[in-house]
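Observations on chain architecture
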Amino acid sequence: MSSKKVNLKPIALITGSTKGIGKSIAKTLENQNYTVIRNGRGKLNNRNYIQADLSNLKGINKIINYVNKKFGYINVLVNNAAYTKYIKFSNYKKLTDKIYNKIFFVNFTAPYKLCTGLEKALLKSKKKNDIEPHIINIASIAGITGEGSNIAYCASKGAVITLTKSLSKCMKPIRVNSVSPGLIKTGFVKFPKKHYREYAKRTLVNKIGLPEDVAHLVNLLLKNKYISGQNIVIDGGGGGVN
């Protein structure tokens, strides 16, 4: 096969992309002429959709095999799928082993396995078009501040930020960055209503973020070829940092 670029459409895989932040990222990249591979646990009538549960190795391998067999390459991997459960820090003993293990598997193990398992597919993209390979991990401000839906969630997102920095060193020339949103208006976590009002007051923009805000940042990162190994905070200007 010729090593010359054939200018095929760029391909992006976005995990957890049936709703919320992931869905918004998918729409944004489709508008940028990407072929988007969506992923979720439920059924979805979409041409490039892979139904897979990322709380187990079977689901992870299913996605890797799907990408390799149907496409052969991807330009972008966005590890967005996540799991949590609201448990007040004062009730930390309710954080059972089952919940703890699932949080760390979905939020940390799955991104790591997908990054390493799709490394060859990402590197192949350099011969397909001019879009450089890029991994973006959706972390959280909770991974920096230690404030979030529960202790394990905060720790898992902190681990994702560190993973991003480590992978950027050993997977080059693939760029690896993470994005740490503050509180975003989705149904991901069922916080008490007063939590949203209090958080908005803590921000410099006096409001809660939207999924589109995160999607725009992801798009900007993909366009900037001189950023790697970084964690970019998007929290309205200090809403999550004291």
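Coordinates for the structure precede this section.
Everything in this summary refers to the structure shown in the same document. Computed from a predicted model, the values in this text were never measured in an experiment.

**Considering helix α1 (residues 20–31)**
Given a rise of 1.5 Å per residue, 12 residues ought to cover 16 Å, and the 17 Å separating the end C-alpha atoms of α1 matches this to within 8%. Its buried side turned inward, α1 meets β1 (11–14), β2 (35–40), β4 (76–79), β5 (134–138), β6 (175–181) and α8 (211–223). Of the residues flanking the end of α1, it is Asn33, one or two places downstream, whose phi is positive at about 75 degrees.

**Concerning unusual backbone geometry**
Of the consecutive residues Lys172 and Pro173, the connecting peptide bond is found in the cis state with omega at 15 degrees. Assignment of secondary structure puts Pro173 in the loop between α6 (151–170) and β6. Located in the positive-phi region is Asn33, a residue other than glycine, with phi close to 75 degrees. Inspection of the secondary structure assignment puts Asn33 in the loop between α1 and β2. The backbone of Asn206 shows a phi angle near 60 degrees, a positive value even though the residue is not glycine. Considering the arrangement of structural elements, one finds Asn206 in the loop between α7 (193–202) and α8. Exposure remark for Asn206: the relative accessible area of 56% places this residue in the exposed category.

**Some thoughts on the environment of Val106**
Take Val106: it is sitting in helix α3 (residues 97–117). Taking relative accessible area as the criterion, Val106 reaches 7% and is therefore assigned buried. Residues Val106 and Tyr83, 23 residues apart in the sequence, show an inter-C-alpha distance of 6.2 Å. Apart from the residues within four sequence positions on either side, Val106 is in contact with Leu54, Ser55, Ala81, Ala82, Tyr83 and Pro111.

**Remarks on the environment of Lys207**
Along the chain, Lys207 turns up in the loop between α7 and α8. Sequence separation between Lys207 and Lys185 is 22 residues, and the spatial gap between their C-alpha atoms is 9.9 Å.

Cut-offs and rules
- Residues numbered from 1 in each chain as written.
- Predicted model: local features only at pLDDT ≥ 70, side-chain atom pairs only at ≥ 80, totals over all residues.
- Heavy atoms only, no water.
- Helix = DSSP H or I, 4+ residues; strand = E, 2+ residues; numbered from the N terminus.
- Expected span 1.5 Å × (residues − 1).
- Contact = heavy atoms within 4.5 Å.
- Buried < 20%, exposed > 50% of the residue type's maximum accessible area, 1.4 Å probe, protein only.

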